[in-house]
Amino acid sequence: MKIMAIESSCDETAVAIVEDGRKILTDCISSQVDLHRIYGGVVPEIASRKHIEAISGLADQALETAGVTRDGIDAVAVTYAPGLIGAVLVGVNFAKGAAMAMGKPLIPVHHIRGHIAANYLAYPELEPPFLCLVVSGGHTMFVEVKDYTQMRILGTTLDDAAGECFDKVGRVLGMPYPGGAAVDRASQSGDPMKYSLPRSKPGNNPFDMSFSGLKTAALNLIHHYEQVGEEVDIPSLCAGFSQAVSDMLVSRAVLALQETGYRKIAVAGGVAANSRIRADLLAAAQQMGAQVYMPPLRLCGDNGAMIGAQGYYEYLAGNTADMSLNAYATRSILGETL
Ligand code: KG4
Ligand code: ZN
């Protein structure tokens, strides 16, 4: 089954064609990152306009590069939530039009479920159940993937997402948006022990997380150095910050493996590209005899292929929509009935 998949929830317009949820026939992306960089973050109105400009050309490009005709497409999948509402709407409206014109089923896909499904593309042998650490720009959570469309949330951040904090620290250090990758690069030559940064354990649920205290501590440290007229050691600050995030995530990953008895843990989302988190999680899981699934960097960030992968399993579960499908800025990964 060949699914045309559309993603437009933030600052990447993406159209992919995926076969049977596992094989990428094409994965076309038009990134707006350079445009938003001059504002230091995504400007929602500009994002929506750019999605409109890019989306139909990208769909043509996808068909051409995959060597598939419109008749060869069996269904259209689309990110319907969560994201910038104007941006998500562009994708949903385009997908509705395409599904109606081609007379094919329309499959709504939750963006975070899509991030998790990037693992099915990278690891053909991976099947639920498994644990997944989701770390994107807007979400940080531990998910038990019981089945392709059945999930349970073990814990989430109670305030900021890890990616937001990476971006904020990068921004205050004068790094280009989005700061996560730049902080990661700078951290390579730093000493993670040079500055003392906090690791928090909020609330009663051991799987819940909080990153705002760490973010504030890092920002206060940078401002302190500015005020006393001294230079902060940027690589060491980035290394210490990344290490603190990694410690908070990996300690909970270990606990999740211990408490659930699972021996498979996957990572998903843009922050899953972080070198320290990848290395620490790999080392910790190997010590416990657990298998770690880490999609390649290009599948960690937003892309259309992950929506096509999850779309296939949503279709098999009967989760299709009609032309009344709406877009939602916020929506739980647990999948309310549409
Ligand atoms: O999943 P994603 O592409 O978009 C959302 O759905 O949010 O994640 C984007 C986030 C941004 O915060 C970006 O700074 C972060 O992923 N990111 C990283 C790295 N690469 C991207 N954070 C830390 N280290 C990286 N190497
Ligand atoms: Zn994303």
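Structural notes, computed from the coordinates. (Residues numbered from 1 in each chain as written. Chains lettered and ligands numbered in written order. Predicted model: local features only at pLDDT ≥ 70, side-chain atom pairs only at ≥ 80, totals over all residues. Heavy atoms only, no water.)

Another point: the nonpolar core. Soluble globular proteins tend to bury their nonpolar side chains together. Counting residues in each nonpolar core, the largest one holds 85 residues, and the members touching the most others are Ile116, Phe241 and Val245. In this structure phenylalanine 241 touches Cys165, Phe166, Val169, Leu197, Leu214 and Ala218, once residues within four positions along its chain are discounted. Counting 26 residues, the second-largest nonpolar core is a separate cluster that includes Ile6, Leu58, Val76 and Tyr80. (Core = buried A, V, L, I, M, F, W, Y, C linked by side-chain atoms within 4.5 Å. Buried < 20%, exposed > 50% of the residue type's maximum accessible area, 1.4 Å probe, protein only. Contact = heavy atoms within 4.5 Å.)

Now for the packing of helix H7 (residues 212–227) against helix H8 (residues 234–260). Contact pair H7 / H8: the axes reach a minimum separation of 11 Å and the direction vectors enclose 170°. Regarding the angle of H7 to H8, the classification is roughly antiparallel. Mapping the contact onto sequence places Leu214, Ala218, Leu221 and Ile222 in H7 and Leu237, Phe241, Ala244, Val245 and Met248 in H8. Tallied by class, the residues present in the contact of H7 with H8 amount to nine nonpolar, no polar and no charged. (Axes fitted to C-alpha atoms, helices over the stretch in contact; angles between N-to-C directions. Helix = DSSP H or I, 4+ residues; strand = E, 2+ residues; numbered from the N terminus. Parallel < 35°, antiparallel > 145°, perpendicular 65-115°, else oblique. Nonpolar A, V, L, I, M, F, W, Y, C, P; charged D, E, K, R; others polar.)

Attention now goes to the site of ligand 1. Residues in contact with ligand 1 amount to 19 residues; listed here are only the nearest, His115, Gly137, Asp167, Asp184 and Gly270. In this structure, an oxygen atom belonging to ligand 1 sits 3.1 Å away from a side-chain N or O atom of histidine 111. Separating an oxygen atom of ligand 1 from a side-chain N or O atom of histidine 115 is a distance of 3.0 Å. Summarising the interface, the protein chains cover 84% of the accessible area of ligand 1, which totals 560 Å² for the free molecule. (Near = heavy atom within 4 Å. Polar contact = N/O pair within 3.5 Å; in protein donor to acceptor, adjacent residues only side chain to side chain. Areas by Shrake-Rupley, 256 points an atom, 1.4 Å probe, with all protein chains shown as cover.)

Over its 16 residues, H7 extends 22 Å from the first C-alpha to the last, a length consistent with the 22 Å expected when each residue adds 1.5 Å. Check the buried side of H7 and you find it contacts helix H5 (162–172) and H8. Following H7 by one or two positions, glycine 229 adopts a phi angle in the positive range, close to 70°. (Expected span 1.5 Å × (residues − 1).)

Attention shifts here to the coordination of the zinc ion (ligand 2). As a benchmark, a tetrahedral metal site with four donors has ideal angles of 109.5 degrees, while an octahedral site with six donors has ideal angles of 90 or 180 degrees. Distances from the zinc ion (ligand 2) to its protein donors, His111 (NE2), His115 (NE2) and Asp302 (OD), fall within 2.0 to 2.1 Å. Coordination at the zinc ion (ligand 2) is tetrahedral: its four donor atoms span angles of 94 to 131° at the metal. If you list the donors of the zinc ion (ligand 2) from N- to C-terminus, the spacing comes out as H-x3-H-x186-D. Pair noted here: histidine 111 and histidine 115 are both in helix H4 (residues 111–122), with a separation of four residues, about one helical turn. A relative accessible area of 6% places histidine 111 in the buried class. (Donors = N, O, S within 2.8 Å, 3.2 Å for Na, K, Ca; no water. Tetrahedral: all angles 85-135°; square planar, octahedral: opposite > 155°, others 65-115°.)

Right, let's get into the state of the cysteines. Considering all chains together, one arrives at zero disulfides under this definition. There is no disulfide at cysteine 28, and the cysteine sulfur nearest it, in cysteine 10, is 19 Å away. The class for cysteine 28 is buried, based on a relative accessible area of 4%. The closest cysteine sulfur to the non-disulfide-bonded cysteine 238 is located on cysteine 165, 14 Å from its own sulfur. (Disulfide = S-S within 2.5 Å.)

In this section: the sheet that holds strand E9 (residues 264–268). A sheet is described by the order of its strands in space; here five strands give the open sequence E8-E7-E6-E9-E10, paired in mixed fashion. Every other strand in the sheet has two partners, leaving strand E8 (150–156) and strand E10 (291–293) as the edge strands with one partner each. The sheet shows a mean angle of 25° between the axes of neighbouring strands, taken without regard to direction. Summarising the sheet, strand E6 (residues 130–135) and E9 pair through four bridges and their orientation is parallel. By the bridge assignment for E9, cysteine 132 is matched with alanine 266. (Pairing = 2+ DSSP bridges.)

So, on to the pattern of salt bridges. Taken as a whole and judged by the stated rule, the model has nine salt bridges. Between lysine 50 and glutamate 53 there is a salt bridge; the shortest N-O distance is 3.0 Å. Pair noted here: lysine 50 and glutamate 53 are both in helix H2 (residues 44–66), with a separation of three residues, about one helical turn. Taking relative accessible area as the criterion, lysine 50 reaches 29% and is therefore assigned partly exposed. Aspartate 60 serves as the salt-bridge partner of arginine 70, at 3.5 Å between the closest nitrogen and oxygen. A residue pair is termed long-range when its members are at least 10 positions apart, and arginine 70 in the loop between H2 and strand E4 (75–81) and aspartate 60 in helix H2 qualify at 10 residues. When its relative accessible area of 41% is taken as the criterion, aspartate 60 is described as partly exposed. (Salt bridge = Lys/Arg side-chain N within 4 Å of Asp/Glu carboxyl O.)

A few words now on the packing of aromatic side chains. Inspection of every chain in the model, using the stated rule, returns nine aromatic pairs. Taking 5.8 Å as the distance between ring centres and 75° as the angle between the ring planes, the aromatic pair formed by tyrosine 195 and tyrosine 225 counts as edge-to-face. Within this pair, whereas tyrosine 195 is found in the loop between helix H6 (179–187) and H7, its partner tyrosine 225 is found in helix H7, the two being separated by 30 residues in sequence. Judged by its relative accessible area of 9%, tyrosine 195 falls in the buried class. Assessed through its relative accessible area of 19%, tyrosine 225 is described here as buried. Put simply, the rings of Tyr120, Phe130, Tyr148, Tyr312 and Tyr313 pair up and form one aromatic cluster. Here the guanidinium or amino end of arginine 331 rests over the ring plane of tyrosine 328, the centre of that ring lying 4.1 Å away. (Phe/Tyr/Trp six-rings, centres within 6.5 Å; stacked < 30°, edge-to-face > 60°. Lys NZ or Arg CZ within 6 Å of the ring centre and 35° of its normal.)

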